[in-house]
Structure formats: structure tokens, C-alpha cells
Amino acid sequence: KFIILNMVKKKLAFVDHNYHKKTRCADFLREIFSEHFIIDDYWWSLSEETKLIKYLKNYENIFFFQTLIPSYDLLKLRNKNLMWAPMYDNLPFDWKYWIKIKYTNIKILCFSNKVKLHADKLGCQNIGLKYFIKPKEMVFKTPQKTLNIFFWYRNDLKLRDWIGLFDLNKINKIIYFDSPDPGRKSEEFDKITLDKYKIELIKISFLPHAEYIEYVKNCDVFISPRKQEGIGMSFLEAISMGKYIVSNDDSTMNEYIADKNIGFLINKKKKKSIDYNNIINSTNYRIQYAKNGYLQWLEQKKEITNFFLSNLTKRKKNWFTEILFFLDFVKFYLKKLFKPH
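First, a word on scope: everything that follows refers to the structure included in this document. Residue positions within a chain follow its written sequence, with the count starting from 1. Given that this is a predicted model, residues contribute local features only at a pLDDT of at least 70 and side-chain atom pairs are listed and counted only at 80 or more, while totals for whole chains, interfaces and linings are drawn from all residues. To get the side-chain values, take all heavy atoms of the structure and skip hydrogens and water.

1. Quick look at the packing of helix α14 (residues 283–300) against helix α15 (residues 302–309)
Next, step 1: For helices, the fitted axis covers only the stretch in contact; all axes are lines through C-alpha atoms, and the angles between them, taken along N-to-C directions, range from 0 to 180 degrees. Helix and strand definitions here come from DSSP, where helices need a minimum of 4 consecutive H or I residues and strands a minimum of 2 consecutive E residues; each element is numbered from the N-terminal end. It is the contact of α14 with α15, at a shortest axis distance of 4 Å, that shows an interaxial angle of 25°. One way to sum up the angle between α14 and α15 is to call them roughly parallel. Taking contact as the criterion, the partners of W297, L298, E299 and Q300 in α14 are, on α15, K302, E303 and I304.
Next, step 2: Just so you know the grouping, Ala, Val, Leu, Ile, Met, Phe, Trp, Tyr, Cys and Pro go in nonpolar, Asp, Glu, Lys and Arg go in charged, and all remaining residues, Gly too, go in polar. Looking at the contact of α14 with α15, its residues break down into 3 nonpolar, 1 polar and 3 charged. The cut-offs work like this: below 35 degrees is roughly parallel, past 145 is roughly antiparallel, 65 to 115 is roughly perpendicular, and the gaps in between are oblique. Note on definitions: a residue-residue contact is assigned when non-hydrogen atoms from the two residues lie within 4.5 Å.

Structure representation (C-alpha cells):
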């Protein structure tokens with residue numbers, strides 16, 4: 001049966017950012033596509049992006065997670081079945097970029113309402129979904145008098161951006177995971193600051209996922225580390241454990257945390273502090289929210305392959321868009337020609 005099934009299945013090129021080899025954050029999509037396709041992984045990096053077209057042109061079905069190949073190479077694939085899941089946090093929104101996206105006949109998988117609204121506005125075929133992770137074992141202290149807070153410092157959000165929201169007397173400790181994004185610097189703390197805010201500093205470049213999950217499980221409040229997210233795996237994992245989420249008021253976090261019982265949105269224009277009692281009293285509400293969200297996702301995820309396999313209305317050639325692609329091509333090679341060796 002296995003051999004026959006694999007003979008029937010077509011191949012899918014899955015193009016993913018090479019950083020995700022470590023995080024494996026797109027594996028939930030691989031699992032979905034694997035029901036219909038045999039998946040071949042291709043890992044995007046800035047130095048390799050122009051080489052990918054050599055392989056991708058041999059596939060009829062191609063999925064891009066976060067990253068795309070250069071537009072002039074993407075144009076060569078416009079008669080293929082293409083889908084792209086862009087991430088809100090690093091997505092250009094200028095019209096010239098999106099008119100080229102529309103012209104290449106690529107279907108858009110939107111994990112952010114803002115991305116979907118933009119795709120709708122410009123007439124790109126798209127589908128909008130809200131991803132939830134399967135709820136994990138919930139760990140809460142009883143009786144609860146003080147809070148344990150988990151914060152992963154990546155660079156966007158700093159301690160000063162959120163510490164003032166809390167009554168320090170209500171904090172038991174802050175687990176501060178110091179692992180900035182590549183090229184970013186750590187925050188520096190003296191002993192007085194560490195003691196004042198009850199910080200337990202974990203200074204390590206990479207924390208194994210199982211250990212990371214244990215830290216989050218044993219905390220009450222999770223501080224979302226970035227000001228914007230594409231999907232936001234870190235805070236979604238915290239939601240799956242029923243934790244109270246504190247995050248910047250932007251996508252995609254504010255699409256999950258519209259309810260004050262789920263978390264608190266940092267908005268500099270509306271300065272408020274966090275109600276300790278709300279964190280304590282909304283625990284069961286958050287647990288149910290995680291369960292309901294996951295059940296919703298189980299229904300929604302069925303739409304992904306249906307949308308991917310659906311027929312797409314092909315767009316006629318347009319001289320203006322062709323010129324935009326040609327200018328991209330010229331710009332790339334001029335840059336390459338005059339690049340210092």
C-alpha cells in the first residue's frame with residue numbers, strides 16, 4: 001500500500017529559510033502537504049537564492065515559506081502551481097512589489113489579517129488562517145501569590161519596554177533567556193538590576209526546545225519577544241500552555257490577544273498597567289481558549305491543500321509588469337558586476 005500510495009503522489013518543492021533547519025517552525029505545514037505530496041526540501045539563503053531556480057523549474061508544485069526567489073526567477077515559474085506563506089514581520093507592502101506577486105499567479109497563504117487585507121485589496125488569490133498549536137500539559141502554582149515571568153530577549157523588545165507594567169512585589173522571578181538574533185547585542189545588567197527585578201539570567205546562544213518548553217511551562221506570564229511576528233511560534237506555544245501573554249500591540253500577536261483575559265498589549269499611546277488579579281483569575285479561560293483555538297485550526301487546515309490544488313485564473317501578459325521584472329533583472333546583474341571582490 002505504501003509503495004502504491006507514493007507512486008500516485010506528486011512531488012512538492014518546499015522552499016524554506018535555512019535558519020528554520022534549526023527551529024523546524026514550518027514542519028506543521030510539511031505534515032499537511034505530506035498527505036498529498038512527496039516533499040523535497042530546498043533551503044533558501046541570500047547567497048544561494050539565485051541558484052534555486054535550476055532545481056525548482058523541474059517541479060509542477062512549489063511552496064515558499066517566508067522567503068521567495070528573485071522576482072525575475074519567479075516569473076519563469078508563473079505557469080507552475082505556486083503558493084507562498086509570507087511573514088508579516090519582514091514583508092514589503094509597496095505596490096510595485098505586490099503587482100509582480102499578482103502577475104506571477106502565486107497563491108497566498110495568509111497567517112496575518114494585515115497580509116490578507118493587503119492581498120484582497122490588490123486582487124491576489126489568497127486564503128486566511130489562524131494557526132494554533134496542540135495544547136500542552138498545563139502547569140500552574142496553587143495557591144498563587146507571586147508571578148514567574150519568562151522573557152526571551154531577541155533585540156526588538158527590551159526589559160524597560162514591559163517591566164513597568166508590573167508591580168514588582170507581585171513578581172517571584174523573571175527567567176530572562178538572553179539569546180539575541182544574529183548580529184544583535186545583549187542587554188547589559190549589573191548585579192543591582194538583576195536583584196531589583198529578581199532576574200534569573202540564562203545566557204546561552206541556543207536553548208534546546210525541550211528545555212525551553214519546560215521553562216515556559218513553569219511560568220505564569222510569557223513576554224512575547226518581538227514587536228512584530230510572521231506567525232509567532234514562541235507566543236503560540238505559550239498560548240498552548242495557557243500562559244498569560246504580554247506583547248507589543250501589532251500583528252500577529254494582537255490578532256490572538258484582543259481579549260484581556262488572554263493577555264496584555266503594550267501600547268505606548270495608551271499607557272496602562274497589568275492587573276495582577278486578572279492574570280490569576282483568567283487561568284481556566286485561557287486553557288479553554290487554547291483548546292478551542294486548536295479545534296478551529298484542525299478544521300481550517302483542511303482548506304490549505306484544497307486551495308493549493310484548486311485551479312488558478314491565469315493572468316494575461318502585461319507589458320508594464322514585464323518591464324518591472326526586466327528592471328529587477330538588470331539591477332541584480334549591475335549590482336553583481338560592480339560588487340567589490
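2. Brief notes about the side chain of N126
Next, step 1: Mapped onto the elements, N126 comes out in strand β6 (residues 126–128).
Next, step 2: Reaching out from N126, the side chain makes a polar contact with the side chain of K116 at a distance of 2.6 Å.
Next, step 3: Side chain to side chain, N126 and D120 meet in a polar contact 2.8 Å long.
Next, step 4: Look past the residues within four positions of N126 in its chain and what remains in contact with it is I108, C110, K116, A119, D120 and F307. In protein, a polar contact means a hydrogen-donor-capable atom and an acceptor-capable atom, both N or O and within 3.5 Å, with residues adjacent in sequence counting only if both atoms are side-chain atoms; elsewhere, any N or O pair within 3.5 Å suffices.

3. With respect to the packing of aromatic side chains
Next, step 1: Paired rings are identified among Phe, Tyr and Trp, the last through its six-membered ring, by centres lying within 6.5 Å, and are further divided according to the angle between planes into stacked (under 30 degrees), edge-to-face (over 60) and tilted (the rest). A complete count under the given rule lists 30 aromatic pairs for this structure.
Next, step 2: On the basis of an interplanar angle of 65° and a centroid distance of 5.2 Å, the ring pair of F132 and Y256 is categorised as edge-to-face. In this pair, F132 sits in the loop between β6 and β7 (147–153) while Y256 sits in helix α12 (residues 253–256), placing the two residues 124 residues apart along the sequence.
Next, step 3: By relative accessible area, which is 3% here, Y256 ends up buried.
Next, step 4: Aromatic side chains W152 and F177 sit 5.6 Å apart centroid to centroid with 35° between the ring planes, which places their arrangement in the tilted category. Pair noted here: W152 is in strand β7 and F177 is in strand β8 (residues 171–178), with a separation of 25 residues, a long-range link. Neither W152 nor F177 differs from the other in exposure class; each is buried. Burial classes follow relative accessibility: with a 1.4 Å probe on protein chains only, a residue under 20% of its type's maximum area counts as buried, one over 50% as exposed, and anything between as partly exposed.

4. Details of helix α10 (residues 209–217)
Three- or four-residue spacings in an α-helix give side chains the same orientation, since the helix completes a turn every 3.6 residues.
Next, step 1: Inspection of α10 places Y212, I213, V216 and K217 among the buried residues, and these make up the whole buried set. Along α10, the residues classed as buried sweep out an arc of 135° about the axis, all on the same side.
Next, step 2: Its buried side turned inward, α10 meets β7, β10 (221–223) and α11 (233–240). The arc in question is the one traced by the directions running from the helix axis out to the C-beta atoms.

5. Digging into the nonpolar core
Within soluble globular proteins, side chains that are nonpolar generally end up buried alongside one another.
Next, step 1: We call a set of buried Ala, Val, Leu, Ile, Met, Phe, Trp, Tyr and Cys residues a nonpolar core when their side-chain atoms join them within 4.5 Å. In this structure, L29, F63, F65, L109, F111 and W297 are the most contacted members of the largest nonpolar core, which totals 50 residues.
Next, step 2: If sequence neighbours within four positions are ignored, L109 has contacts with L29, F63, M83, W84, A85, P86, I127, L129 and I304.
Next, step 3: Counting 26 residues, the second largest nonpolar core, distinct from the first, contains A13, I62, I69 and I101.

6. Topic: the sheet that holds strand β5 (residues 107–110)
Each strand in a sheet pairs with its neighbour through backbone hydrogen bonds, running either in the same direction (parallel) or in the opposite one (antiparallel).
Next, step 1: The strand order across the open sheet built from 6 strands is β2-β1-β3-β4-β5-β6, with neighbouring strands paired in parallel fashion. Only two strands of the sheet have a single partner each, and these edge strands are β2 (37–44) and β6. If you compare each strand with its neighbour and ignore which way they point, the axes differ by 20° on average.
Next, step 2: DSSP-based pairing: two strands are paired if at least 2 bridges between them are found. Two strands pair when backbone bridges link them, and strand β1 (residues 10–17) and strand β3 (residues 61–65) are joined in this way by 4 bridges, in the parallel orientation. Its bridge partner being in β3, F14 is matched across the sheet by F63.
Next, step 3: Helix α7 (residues 113–121) rests against β5 and β6 of the sheet, and its axis sits at about 155° to β6.

7. Looking at α11
Next, step 1: By the criterion of burial, α11 is predominantly enclosed, with 7 of the 8 residues buried.
Next, step 2: When we look at burial in α11, the residues that qualify are S234, F235, L236, E237, A238, I239 and S240.
Next, step 3: A positive phi of about 75° marks G242, the residue just after α11.

8. Some words on the side chain of K107
Next, step 1: One can find K107 in strand β5.
Next, step 2: Think of it this way: Lys and Arg go in the positive column, Asp and Glu in the negative one, and His and the chain ends go nowhere. Every case where a carboxyl oxygen of Asp or Glu lies within 4 Å of a side-chain nitrogen of Lys or Arg is listed as a salt bridge. Of the side chains with opposite charge, E60 comes closest to the buried, unpaired K107, at an N-O distance of 11 Å.
Next, step 3: Reaching out from K107, the side chain makes a polar contact with the backbone oxygen of S310 at a distance of 2.6 Å.

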